[in-house]
Structure formats: structure tokens, C-alpha cells
Amino acid sequence: MSSHRKSPTGSAGVNLGLIITPMLDMSFQILSFFIMTYHPSALEGHIPGSLAPPEITATKGKENVAADIIPPSVPEDMLLPEIQEAMTVIVKTAGAGQPDKLLLKRKIDPAAEQIADANVNWEQAKKDLKGRLRQFKTDSGGDNIKIEADADLRQEFVMDVYDVCKLSGFSKIHFVPPPLLRQAEK
Amino acid sequence: MAASVGSEGADPNLTPLLDLVLQLIMFFMITINFVRVDQFDDSIKLPVATSAMAIDSSAEDWVFLNLDAGGKLVGTLSGFVLDTPEKIKVHLMQEKANLERAARARGKTGEAKIVIILRADKNCKYGDVWKVLDSCQRAGFKYWQLRAMTRAAWLRRPEPQWLALGPPIGRLVPFRDDDGRHARLLRAG
């Protein structure tokens, strides 16, 4: 870096010492600019997804995306077999956007299996769900899983369920339309 | 900044200060991330998703959608009346056509990869998120990204975790309680 040089004492003539004051002033101005415009947006992450049209959804394979949506206009039997067979995590809400019950359902099951009462302890419900999904993943494998949440459920709880599915080893997560919207579509 | 107190006074040595300031400037220059403020709405509180990945900027262009807690599109779209899925779809179709035209003008041949970036508030309803995504799909978009906050390791507060000392020949056992947040004493046999 620059240094503040002093001319030899006692000698007459021009002082050639480097004046760093303007440089320091400018540095502070630049520093102030960067501090004021600093935005820690690196904390924001993304979940990639596919919005492929229904005909592609139903016939062709999917790209390697983490999440996609299954449009209500596509009948269940037109989906890829692995998506049809995939387990569905159902999140029921009690009101005010809070989760009430966590259920699991496969195509072969006559009724959904209740995993936890999410209204009592959401953290415990997530743990129970994770344990059950890991067990299912170990037993039957597969990368696909569907999430079906009530329309009133708050987005943060949907993301919690997404996280649990992802951490349980499922790489392809499909969002199913909320039951009310699906009925309206039909 | 520099003060000179007469010919006999001592000049403060500003070199370390200047070095420090320049280092700080370098830090901010490296880490700064210029964002288009019109794409982000600070009122949106994103949900946390530990599995969210680092932001991918490989797309040709983006359409930012900020969905507030009430299920309303805000930000650049707040000036439009987009209260029905059909209106959202029509608006997005126009947006897509404009972006594709701009991509062709830039010399892009073939299909341009335009990504919908949905920044949905953590308190908005899943039904509202679904309606927006459904409108995007009907408008002909093929890619979307859901934005969420990642828990950066350097910001994650360490969860309280205690070490319980058991009997003299016991073990040191780290433990947490059932919900993984608070600690309670436990003896290891």
C-alpha cells in the first residue's frame, strides 16, 4: 500500500510526500456505497421444477427436476405408471392454515393411513412422516412421491413436507392440485 | 482525514487505516450481488427449505412473480388487475411473447428457456400458489423455480445441545429432546 513519506527535515524545497487524504476520502465513499447496496441475497435458494404441458407429462419422461405440478386436467390413468404408483402424502388442515393430519396413501391402499396428528406437534409429525417415508423407500424404492395439501394450508407447511420428502430420499416430487380445485376443474 | 498539527506535531499513520478500508472494499466488491430491485419485494417472507439449492442463472430470461401473504401478486405486477387465473394467464402469455421476441432479436434461435420464478410468502395459501402455477402452465411456460430461504450454515444458530455426564464409568452422551430444539438432562448408564 501507499505510505506517507516525509521529506528530509532541514532541506529546503518542495515536499514530495504522497497526500493520501483524498484517496482515503474516496475509499470511504466507495465503502459507504458498497455497505448501502449490500444485499445478502445468496441466502435465497431455489427448487427447480417443470411445468411441462399435460401431453408431455403424460407420455414422455421428465427432465431431472426436483418438483413439478400435475395439472388437474390430466386424468390419473394418463400419468406415467411410476407416478400413478407413487405414494401420496396428504396434508389436511384444520383451519387458519395450520396442518391437522398427515396421511399416506398408495394406489393399492383402500384408504389413507394416518401418520400423525399434526395439530398437536408439527415437529413430531414431521419426524413420524420422515421415518415412515424412509421405511417405504427402503422397502419399495422409487423416486417419485406426490404431495396433496388442502388449499387453505400455509405455504411454509407445504415446504416443510417437501423438505421431509426430499430428505427421505425422494428426488422427484409432484404437487397434486388441492382437492377443492380438482373438483372444480372436473 | 489526515491531520497535521503544525510542523512540530505528529502525523497520524494512516496506512493501516487505508489498508483496512481497501480490504473492506474488496470484500464488498466480491460479495456484492446486484439485483434488479423491481424483481424482488421485500414484504415477501419466504419459507425455509433446507433442500433448496443455490440460485441457478442458466436460463435465457426470467419472469418474477411475488405472491404475498394474502395471495395477491405484488411487485411489478401490482399495477395490473390480476384477480383471476384467466387474467394471470393472459398477462403471462403476453409477457412470454415479449421475452421470446426479445430473445429472437438477440439472435437466439430455437426455443428460449424462460423460467417462472415464484416467490411465495410463507403465509400464503397453497391453493393460491397452485392457481398461479396452473396459470403459468396454461400460458405455455415449461420451467419454474420456487424460491425459499436456505439456512446458510454460517447463519444457523447452534441448537442447544448439552453433554450429560453419567456415572463415573459412564459416557458423555449428547442428546436432544423429542422436538430437537431444547435440551434436558439425561444420565448415561
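The structure presented is a predicted model; accordingly, all values stated were derived computationally and were not measured. (Residues numbered from 1 in each chain as written. Chains lettered and ligands numbered in written order. Predicted model: local features only at pLDDT ≥ 70, side-chain atom pairs only at ≥ 80, totals over all residues. Heavy atoms only, no water.)

1. Some thoughts on the sheet that holds strand S1 (residues 44-50) of chain A
Spatial strand order, S5(A)-S4(A)-S3(A)-S6(A)-S7(A)-S2(A)-S1(A)-S4(B)-S3(B)-S1(B)-S2(B): 11 strands in an open sheet with mixed pairing. At either margin of the open sheet sits one strand with a lone partner, and together these are strand S5 (113-117) of chain A together with strand S2 (73-74) of chain B. Bridging between S1 of chain A and strand S2 (residues 67-69) of chain A involves two bridges; their strand directions are parallel. Directly across from Gly 49 of chain A, in S2 of chain A, lies its bridge partner Ala 67 of chain A. Across the sheet, helix H4 (residues 122-140) of chain A touches strand S3 (87-95), strand S4 (98-105), S5 and strand S6 (144-149) of chain A, and the angle it forms with S4 of chain A is around 15 degrees. (Pairing = 2+ DSSP bridges. Helix = DSSP H or I, 4+ residues; strand = E, 2+ residues; numbered from the N terminus. Contact = heavy atoms within 4.5 Å. Axes fitted to C-alpha atoms, helices over the stretch in contact; angles between N-to-C directions.)

2. Here's the deal with the packing of aromatic side chains
This model, assessed by the stated rule, comprises seven aromatic pairs over all chains. Their ring planes at 65 degrees and their centres at 5.3 Å tell us that Phe 33 of chain A and Phe 34 of chain A sit as a pair that is edge-to-face. Overall, Phe 33 of chain A belongs to the partly exposed group, its relative accessible area being 40%. With a centroid separation of 6.4 Å and 45 degrees between ring planes, the pair formed by Phe 175 of chain A and Tyr 126 of chain B is classed as tilted. With Phe 175 of chain A in strand S7 (residues 172-176) and Tyr 126 of chain B in helix H3 (residues 126-138), the pair connects residues from two separate chains. Neither residue differs from the other here; Phe 175 of chain A and Tyr 126 of chain B are each classed as buried. One aromatic cluster is present, built from ring pairs that chain together Tyr 162 and Phe 175 of chain A together with Tyr 126 and Trp 144 of chain B. (Phe/Tyr/Trp six-rings, centres within 6.5 Å; stacked < 30°, edge-to-face > 60°. Buried < 20%, exposed > 50% of the residue type's maximum accessible area, 1.4 Å probe, protein only.)

3. Re the packing of H4 of chain A against helix H5 (residues 155-167) of chain A
All names here are of chain A. Direction vectors running N to C along H4 and H5 enclose 30 degrees, while the axes themselves pass 9 Å from each other. Viewed along their axes, H4 and H5 form a crossing whose handedness is right-handed. For the pair formed by H4 and H5, the contact residues are Trp 122, Lys 126, Leu 129, Lys 130, Leu 133 and Arg 134 on the first element and Phe 157, Asp 160, Val 161, Val 164, Cys 165 and Leu 167 on the second. Residues of the contact of H4 with H5, tallied by class, amount to eight nonpolar, no polar and four charged. (Left-handed = near helix turned anticlockwise from the far one by under 90°. Nonpolar A, V, L, I, M, F, W, Y, C, P; charged D, E, K, R; others polar.)

4. Quick look at the pairing of strand S4 (residues 143-149) of chain B
Most of S4 of chain B is tucked away, with five of its seven residues classed as buried. Judged from the seven bridges that link them, S1 of chain A and S4 of chain B form a sheet pairing that is antiparallel. Following the sheet pairing, Glu 44 of chain A is matched in S4 of chain B by Met 149 of chain B. Relative to S4 of chain B, strand S3 (residues 114-120) of chain B runs parallel, the two sharing four bridges. In the sheet register, Leu 118 of chain B faces S4 of chain B, and the bridge partner there is Leu 146 of chain B. Of the crossover connections in this fold, the one passing from S3 of chain B over H3 of chain B to the parallel S4 of chain B is right-handed. (Right-handed = clockwise from strand over helix to strand, strands pointing away.)

5. What about helix H2 (residues 85-105) of chain B?
Residues and elements named next belong to chain B. The terminal C-alpha atoms of H2 lie 30 Å apart, and with 21 residues this matches the ideal 30 Å at 1.5 Å per residue to within 8%. Taken together, the buried positions of H2 are Ile 88, His 91, Leu 92, Lys 96, Leu 99 and Ala 103. The arc enclosing the buried residues of H2, seen along the axis, measures out at 140 degrees, which places them on a common side. When the buried face of H2 is taken as reference, the exposed residues oriented beyond 90 degrees from it are Arg 104 and Ala 105. In this fold, the buried residues of H2 make contact with strand S1 (61-67), S2, S3 and H3. One or two positions beyond H2, positive phi appears at Gly 107, with a value near 100 degrees. (Expected span 1.5 Å × (residues − 1). Arc of directions from axis to C-beta.)

Treat this as a map of the structure, not an account of what it does.
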